[in-house]
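If you want the building blocks of each chain, they are given just below.
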Amino acid sequence: SLPPATYAQEKHKVEVRWPAAVRFIRENRLNEVFEGQIGEVGIICQGGMYNATLRALNQLGLADAFGESKIPLYALNVTYPLIPEEVVAFCAGKRAVLMIEEGQPAYLEDALHAILRRADLQTRVGGKDFLPMSGEYPGEVVLAGIAKWLEATAPRELDAGNVPRAHETLTAPKNAA
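Quick caveat: nothing in here was measured; it's all calculated off a predicted structure. (Residues numbered from 1 in each chain as written. Predicted model: local features only at pLDDT ≥ 70, side-chain atom pairs only at ≥ 80, totals over all residues. Heavy atoms only, no water.)

Asks: Help me out: how do you make sense of the packing of helix 2 (residues 50-59) against helix 5 (residues 139-153) in this one?
Replies: Geometrically, a packed helix pair is captured by the angle between its two axes and the distance between the axes. Running from amino to carboxyl end, helix 2 crosses helix 5 at an angle of 60 degrees, the nearest separation of the two axes being 9 Å. Between helix 2 and helix 5, the crossing angle belongs to the class labelled oblique. By crossing handedness, the relation of helix 2 to helix 5 is classed as right-handed. Contacts between helix 2 and helix 5 pair Ala 52, Thr 53, Ala 56, Leu 57 and Gln 59 from the former with Val 142, Leu 143 and Ile 146 from the latter. Within the contact of helix 2 with helix 5, the residues separate by chemical class into six nonpolar, two polar and no charged. (Axes fitted to C-alpha atoms, helices over the stretch in contact; angles between N-to-C directions. Helix = DSSP H or I, 4+ residues; strand = E, 2+ residues; numbered from the N terminus. Parallel < 35°, antiparallel > 145°, perpendicular 65-115°, else oblique. Left-handed = near helix turned anticlockwise from the far one by under 90°. Contact = heavy atoms within 4.5 Å. Nonpolar A, V, L, I, M, F, W, Y, C, P; charged D, E, K, R; others polar.)

Structure follows, in structure tokens:
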């Protein structure tokens, strides 16, 4: 509970500062959406995870070296506050999205669930069920998580065997010469 002296500050934050922050984020397009050809799924990542996400998609044959991804991406360069209208717009029409969020607990993943259910969108949200619950996400972790998620969601526009084959090839032990 808040002491009475902070009620006015809290009220100002909720009624003035928060809406101003949301407006600033939206007007300046601080979060970025990258369209892709496979529109039934999408990946949402913290801004700092964008490069690792794109590299993993590139290794799986789902993005080129110039940043063009076949899977739509929503990079959250600002993770707080989330912008519900942006989240809903990105997830609308998608069967599933993957939230790539370092650290524990799954704050962003849980917030996505809440935003989507309030908007009555039934988009499935994956995250910590495909990626580690805690710790850093180096490239190989992101690669494995995306590969598992794509196998589980099986987008129709994606050859079902290509992702596991690419992942196996990338992670197979190298023969010592």
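Asks: Looking at this model, I keep getting lost on the pattern of salt bridges. Mind explaining?
Replies: Here the idea is simple: oppositely charged side chains can pair when their charged atoms come close. On inspection of all chains with the given rule, the structure shows five salt bridges. Arg 95 is paired through a salt bridge with Glu 40; the nearest N and O atoms lie 2.6 Å apart. Here Arg 95 is found in the loop between helix 3 (84-91) and strand 4 (96-100), whereas its partner Glu 40 is found in the loop between strand 1 (32-34) and strand 2 (41-46), with 55 residues between them in sequence. A residue is classified by how much of its surface remains accessible, and Arg 95, at 28% relative accessible area, is partly exposed. You can call Glu 40 buried: its relative accessible area is 6%. For Arg 156, the salt bridge goes to Glu 40, with nearest N and O atoms at 3.6 Å. Remark: Glu 40 occurs in the loop between strand 1 and strand 2 and Arg 156 occurs in the loop between helix 5 and helix 6 (162-171); sequence separation between them is 116 residues. Residue Arg 156 is classed as exposed on the basis of its relative accessible area, which comes to 68%. Overlapping salt bridges, with partners in common, bring together Glu 40, Arg 95 and Arg 156 in one network. (Salt bridge = Lys/Arg side-chain N within 4 Å of Asp/Glu carboxyl O. Buried < 20%, exposed > 50% of the residue type's maximum accessible area, 1.4 Å probe, protein only.)

Asks: Any chance you could explain the packing of helix 3 against helix 4 (residues 107-118) here in plain terms?
Replies: In the contact formed by helix 3 and helix 4, the axes pass within 10 Å of each other and the chain directions differ by 80 degrees. Our classification of the angle between helix 3 and helix 4 gives roughly perpendicular. For the pair helix 3 and helix 4, contact is made by Pro 84, Val 87, Val 88 and Cys 91 and by Leu 112, Ile 115 and Leu 116, respectively. Taken together, the residues of the contact of helix 3 with helix 4 sort by class into seven nonpolar, no polar and no charged.

Asks: So what exactly am I meant to see when it comes to the packing of aromatic side chains here?
Replies: Given two aromatic rings, one states the distance between the centres and the angle between the planes to describe the pair. Counted according to the given criterion, the structure contains three aromatic pairs. Consider the rings of Trp 18 and Tyr 80, whose centres lie 5.3 Å apart with planes at 75 degrees: the pair is edge-to-face. On the criterion of sequence distance, the pair formed by Trp 18 in helix 1 (residues 7-27) and Tyr 80 in the loop between strand 3 (73-76) and helix 3 is long-range, its members being 62 residues apart. Under the relative-accessibility criterion, Trp 18 is labelled partly exposed at 35%. Accessibility expressed as a relative area gives 60% for Tyr 80, which makes it exposed. Over the ring of Phe 90 we find Lys 94, and its NZ or CZ is 4.5 Å from the ring centre. (Phe/Tyr/Trp six-rings, centres within 6.5 Å; stacked < 30°, edge-to-face > 60°. Lys NZ or Arg CZ within 6 Å of the ring centre and 35° of its normal.)

Interpretation in functional terms is not warranted from these geometric data alone.
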